[in-house]
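Structural description and commentary
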Amino acid sequence: MTSTAKPAIDLLIAAPRGFCAGVDRAIRIVELAIEKYGAPVYVRHEIVHNRFVVDTLKAQGAVFVDELDEVPDGVPVVFSAHGVPKVVPAKAQERGLSYLDATCPLVSKVHRQAERLVAAGRHILFVGHEGHPEVIGTFGQVPEGSITLIETVEDAEALTPADAENLAFLTQTTLSVDDTAAVLEVLTRRFPGIVAPKADDICYATSNRQAAVKAIASSVDLVLVIGAPNSSNSLRLVEVAKREGTNSRLIQRAADLDFAWLDGVRSLGITAGASAPEVLVREVVEAIAARFDVTEREVETTREDIAFKLPRGLEEAA
Ligand code: SF4
């Protein structure tokens, strides 16, 4: 008689993981805008970096576009959680479009800091990743030439600012806590007078998810991170696990899972980036449970209870 026993695998599921308060709010804004105005509601850029979320909203009546020019007159438009350069709402206003800004309040806070620093005569060194929408949005808050991107420790070492006495730094919200500390160490050593924010701007959700994956990574053979390849905070989770000496793979959902990766794996860590919904985590766990005898344990490093207010008009519609 052939044995049908499935191999055993321990799943350590990191907490916190998945949706943060900014993503939750951005998705809710699109849903409520559809309820209030009726479909279609246009959304400039992916509201958050997750295809499943985008497809779900498309099915409800959201239309995703790259630029404002693609939004027809008289139709409401939502700006994504990553924030937009000032010129975007200005153009929307010029065209008489009603718009809803789903920029995460923690990104807006960085925008306001950038404005204040430039008004105070400081040149900003912005630690972030070139081309990320959040970086484009923040650069678009201040005049060209008043902010310089620093991506790496090497950039920080090579920098030759015009006025080294008048610098300030800000950071993208979804960076690696450890890499950023190394860049900031160089900046503060080279430019002792640099103005620093009270704390760096890496947000609570990014820091908490990195700490949570760090806590499980060394106890498992492999870490799966559920998230999109263009999601900065998800990519950072893969890096954090690898830095703990554990192999890690980024997958968007269960269909991306290659079971050859699980050969010889007895314990598996699972987490999800801030734009990945819990339903995708459950989908992965179920796919694994179909082939393995799963023992599941959640490892919680901190509890989050942050929620951001919705824009006023939409709150009334909720
Ligand atoms: Fe806001 Fe942080 Fe979430 Fe980005 S990852 S939307 S900054 S809470």
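In this numbering scheme, every chain counts its residues from 1 along its sequence in written order. Thresholds applied to this predicted model are a pLDDT of at least 70 for local features of residues and 80 or more for the giving and counting of side-chain atom pairs; totals over whole chains, interfaces and linings are not thresholded and use all residues. Hydrogens are left out, water is left out, and the side-chain values use all remaining heavy atoms of the structure.

Looking at the domain arrangement of the chain
Parsing the chain into structural domains produces domain 1 (8-19 + 204-300), domain 2 (21-105 + 308-313) and domain 3 (106-190). What fixes the domain bounds is an automatic or database domain assignment. Here the C-alpha centroids of domain 1 and domain 3 sit 31 Å apart. Each partner contributes to the roughly 810 Å² buried at the junction of domain 1 and domain 3, and carbon and sulfur atoms together form 43% of this total. Here, a salt bridge means any side-chain nitrogen of Lys or Arg that lies within 4 Å of a carboxyl oxygen of Asp or Glu. For the pair domain 1 and domain 3, the number of links is two salt bridges. Reported buried area values correspond to the accessible surface (1.4 Å probe) lost by two parts on association, with both partners' losses combined.

Quick word on the site of the ligand
Residues are counted as near a molecule or strand when any one of their heavy atoms sits within 4 Å of it. Taken together, Cys20, Gly22, Val23, Cys104, Leu106, Val107, Thr173, Thr174, Cys203 and Tyr204 form the complete shell of residues around the ligand. Spatially, the ligand is embedded in the largest cavity. Only runs of H or I of at least four residues qualify as helices and only runs of E of at least two qualify as strands under DSSP, and these elements are numbered from the N terminus. Secondary-structure elements contributing two or more residues to the shell around the ligand are α1 (21-37) and α4 (105-119). Within the shell around the ligand, the residues separate by chemical class into seven nonpolar, three polar and no charged. Residue assignment places the shell around the ligand across two domains, with domain 2 (21-105 + 308-313) and domain 3 (106-190) each supplying three or more. A 1.4 Å probe that fits but cannot get out identifies a cavity on a 1 Å grid over protein atoms alone, an open set with protein on both sides within 12 Å along at least five of seven lines counts as a pocket, and a residue lines either if it has an atom within 4 Å of a point. Should more than half of a molecule's atoms lie within 2 Å of a pocket's or cavity's grid points, that molecule is taken to sit in it. In this classification, the charged set is Asp, Glu, Lys and Arg, the nonpolar set is Ala, Val, Leu, Ile, Met, Phe, Trp, Tyr, Cys and Pro, and all remaining amino acids, among them Gly, are polar.

A word on the side chain of Asn208
Topologically, Asn208 is positioned in helix α8 (residues 204-217). Of the residues examined, Asn208 reaches a relative accessible area of 19% and is grouped as buried. When checking whether two residues touch, look at their non-hydrogen atoms; a contact exists if any pair is within 4.5 Å. Once residues lying within four places of it in the same chain are set aside, the contact partners of Asn208 are Pro16, Thr301, Thr302 and Glu304. Burial status follows relative accessibility: with a 1.4 Å probe on protein chains alone, a residue under 20% of its type maximum counts as buried, one over 50% as exposed, and anything between as partly exposed.

Quick notes on the environment of Asn247
With respect to the helices, strands and loops of the structure, Asn247 is situated in strand β10 (residues 247-251). Taking relative accessible area as the criterion, Asn247 reaches 40% and is therefore assigned partly exposed. Along the chain, Asn247 and Ala168 lie 79 residues apart, while their C-alpha atoms are 37 Å from each other.

Describing the packing of α8 against helix α9 (residues 232-243)
For the pair α8 and α9, interaxial distance at closest approach is 9 Å and the crossing angle is 30°. Of the possible angle classes, the one that applies to α8 and α9 is roughly parallel. Of the two possible hands of crossing, α8 and α9 adopt the one that is right-handed. Contacts between α8 and α9 involve Thr206, Arg209, Gln210, Val213, Lys214 and Ala217 from the former and Asn233, Arg236, Leu237, Val240 and Ala241 from the latter. A class-by-class count of the residues in the contact of α8 with α9 yields five nonpolar, three polar and three charged. Fitted lines through C-alpha atoms serve as axes, helices being fitted only where they are in contact, and the angles separating the N-to-C directions of these axes extend from 0 to 180 degrees. Here roughly perpendicular refers to angles of 65 to 115 degrees, roughly parallel to angles under 35, roughly antiparallel to angles over 145, and oblique to all remaining angles. Take the far helix as the reference: if the near one is turned anticlockwise from it by less than a right angle, the crossing is left-handed, and if turned clockwise, right-handed.

With respect to the packing of aromatic side chains
Two aromatic rings are characterised by how far apart their centres lie and by the angle between their planes. Think of it this way: a Phe, Tyr or Trp ring, Trp meaning its six-membered ring, pairs with another when their centres are within 6.5 Å, and the plane angle makes it stacked under 30 degrees, edge-to-face over 60, tilted otherwise. In this structure the tally under the stated criterion is two aromatic pairs. Look at Phe126 and Phe139: their rings are 6.0 Å apart centre to centre, the planes differ by 85°, and that puts the pair in the edge-to-face class. Placement of Phe126 in strand β6 (residues 123-127) and of Phe139 in helix α5 (residues 133-139) is noted, with a sequence separation of 13 residues between them. Two thresholds decide whether a charge sits over a ring: the Lys NZ or Arg CZ must be within 6 Å of the ring centre and within 35 degrees of the ring normal. Of note, Arg291 hangs over the ring of Phe259, and the distance from its end group to the ring centre comes to 3.9 Å.

Let's talk about the layout of surface pockets
Grid points are joined across faces, edges and corners, and a volume is the space filled by probe spheres set on the points. Roughly 310 Å³ of internal volume is contained in the largest pocket. Lining of the largest pocket is provided by 22 residues; of these, Phe19, Cys20, Ala21, Glu304 and Ile306 occupy positions nearest its centre. The set of elements that each furnish at least two residues to the lining of the largest pocket consists of α1, α8 and β12 (293-300). Its residues placed into classes, the lining of the largest pocket shows 10 nonpolar, one polar and 11 charged. Taken together, domain 1 (8-19 + 204-300) and domain 2 (21-105 + 308-313) each give at least three residues to the lining of the largest pocket, which thus spans both. By volume, the second largest pocket is sized at about 160 Å³. Considering the residues around the second largest pocket, the lining is formed by 13 residues, among which His129, Glu151, Ser176, Asp179 and Thr180 are closest to the centre. For the lining of the second largest pocket, the secondary-structure elements that each account for two or more residues are α7 (177-190) and α9. The greatest single-element share of the lining of the second largest pocket, amounting to four residues, is contributed by α7.

Observations regarding the sheet that holds strand β4 (residues 77-79)
Think of it this way: DSSP has to see at least two bridges between two strands before they count as a pair. Taken in spatial order, the four strands line up as β3-β2-β4-β5 in an open sheet, and their pairing is parallel. Looking at which strands have only one partner, the edges of the open sheet turn out to be β3 (62-65) and β5 (99-101). Ignoring which end each strand starts from, the neighbouring axes of this sheet average 25° apart.

Digging into the pattern of salt bridges
Counted according to the given criterion, the structure contains 16 salt bridges. Salt-bridge contacts for Glu31 lead to Arg28; the nearest nitrogen and oxygen are separated by 2.9 Å. Separated by three residues within a single helix, Glu31 and Arg28 lie in helix α1, roughly one turn from each other. We classify Glu31 as partly exposed; its relative accessible area is 22%. Residue Arg28 is classed as partly exposed on the basis of its relative accessible area of 32%. Across the pair Glu239 and Arg236 runs a salt bridge whose closest N-O atoms are separated by 3.0 Å.

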